[in-house]
Amino acid sequence: MATETATVSGHDVTTITCVCGNTVSKDGLIQANSEGVPVYGGESTPVPPELAEWPADEDLYTLCPSCGRVYRDAVIEETGTAPVAFRVNVTAGPIAEAIRVHWDLSS
Ligand SMILES: [Zn+2]
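This one's a predicted model, so the numbers in the text were calculated from it and none came from an experiment. Chains are numbered independently. Their residues run from 1 in the order of the written sequence. Local features in this predicted model are restricted to residues of pLDDT 70 or higher, and side-chain atom pairs are both shown and tallied only at a pLDDT of 80 or more, whereas totals for entire chains, interfaces and linings draw on every residue. Values reported for side chains reflect all heavy atoms of the structure, with hydrogen atoms and water molecules removed beforehand.

Caption draft 1: Fine view of the environment of N22. In this description a helix means any DSSP run of H or I spanning at least four residues, a strand means any run of E spanning at least two, and both kinds are numbered starting from the N terminus. As for its placement among the helices and strands, N22 is situated in the loop between β1 (5-6) and β2 (30-32). Take N22: its relative accessible area is 1%, and that puts it in the buried class. Considered as a pair, N22 and A96 are 74 residues apart in the sequence and their alpha carbons are 17 Å apart. In this structure, N22 is in contact with I16, T17, D27, G28, L29, C64, P65 and S66, ignoring residues within four places of it in sequence. Whenever two N or O atoms come within 3.5 Å, that pair is a polar contact, provided that in protein one can donate a hydrogen and the other can accept it, and provided that, for residues adjacent in sequence, both atoms are side-chain atoms. At 2.9 Å, the side chain of N22 and the backbone oxygen of G28 are in polar contact. In terms of polar contacts, N22 uses its side chain to reach the side chain of S66, at 3.5 Å. Relative accessibility decides the category of a residue: with a 1.4 Å probe and only protein chains considered, values under 20% of the type maximum give buried, values over 50% give exposed, and everything between is partly exposed. We call two residues in contact when some of their heavy atoms are within 4.5 Å.

Rendered as structure tokens:
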């Protein structure tokens, strides 16, 4: 099976158009860790239990909350292409809950 690839321009992760059609300005994209768990980017601590801590190595991924496809930021920044790294379940379970908390915090 061929690797799915999102559309991206200028090596900029914020310009991703996900394979499913989602964008930052449509349903939004969420910064996540290497397991696809949304990371907490806020200033205050502690990190909400549903979210992941900001990765110490800054190895960030971009999660599409619409379909669960995850892209690796470093690949996009280096190559200007956005292959799907892996896919997570965004309809149920801990990542779905983390997405809900993420939007609650950012609204
Ligand atoms: Zn998507």
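Caption draft 2: The nonpolar core, seen in detail. Take the buried Ala, Val, Leu, Ile, Met, Phe, Trp, Tyr and Cys residues and link them wherever side-chain atoms come within 4.5 Å; each set so joined is a nonpolar core. Among the nonpolar cores identified, the biggest contains 13 residues, and L63, V70, V88, V90, I95 and I99 are the most heavily contacted of them. Breaking this core down by element, the ones donating at least two residues are β2, β3 (61-63) and α2 (94-106). Beyond its immediate sequence surroundings of up to four residues, L63 is in contact with L29, I30, A32, G36, P38, G68, R69, V70, V88, V90, I95 and I99. Counting residues in hydrophobic clusters, the runner-up holds twelve residues, among them A6, V13, L29 and Y71.

Caption draft 3: Highlighting the pattern of salt bridges. One speaks of a salt bridge when a side-chain nitrogen belonging to Lys or Arg is within 4 Å of a carboxyl oxygen belonging to Asp or Glu. According to the stated counting rule, one finds four salt bridges in the structure shown. Note that E4 is salt-bridged to R69, the shortest N-O span being 2.9 Å. Here R69 lies in strand β4 (residues 69-72) and E4 lies in the segment before β1, a separation of 65 residues in the sequence. Judged by relative accessible area, E4 falls into the partly exposed class, the value being 28%. The exposure class of R69 is buried, given its relative accessible area of 8%. Of the charged contacts in the structure, one is a salt bridge between R100 and E97, with a shortest N-O distance of 2.5 Å. Placement of the pair is R100 and E97 together in helix α2, with a separation of three residues, close to one helical turn.

Caption draft 4: Layout of α2. With 13 residues, α2 extends 18 Å between its outermost C-alpha atoms, agreeing within 8% with the 18 Å of an ideal straight helix rising 1.5 Å per residue. Within α2, the full set of buried residues consists of I95, A96, A98, I99, V101 and H102. Tucked into the core, α2 has its buried residues touching β2 and β3. A helix is expected to reach a length of 1.5 Å times the quantity of its residues less one.

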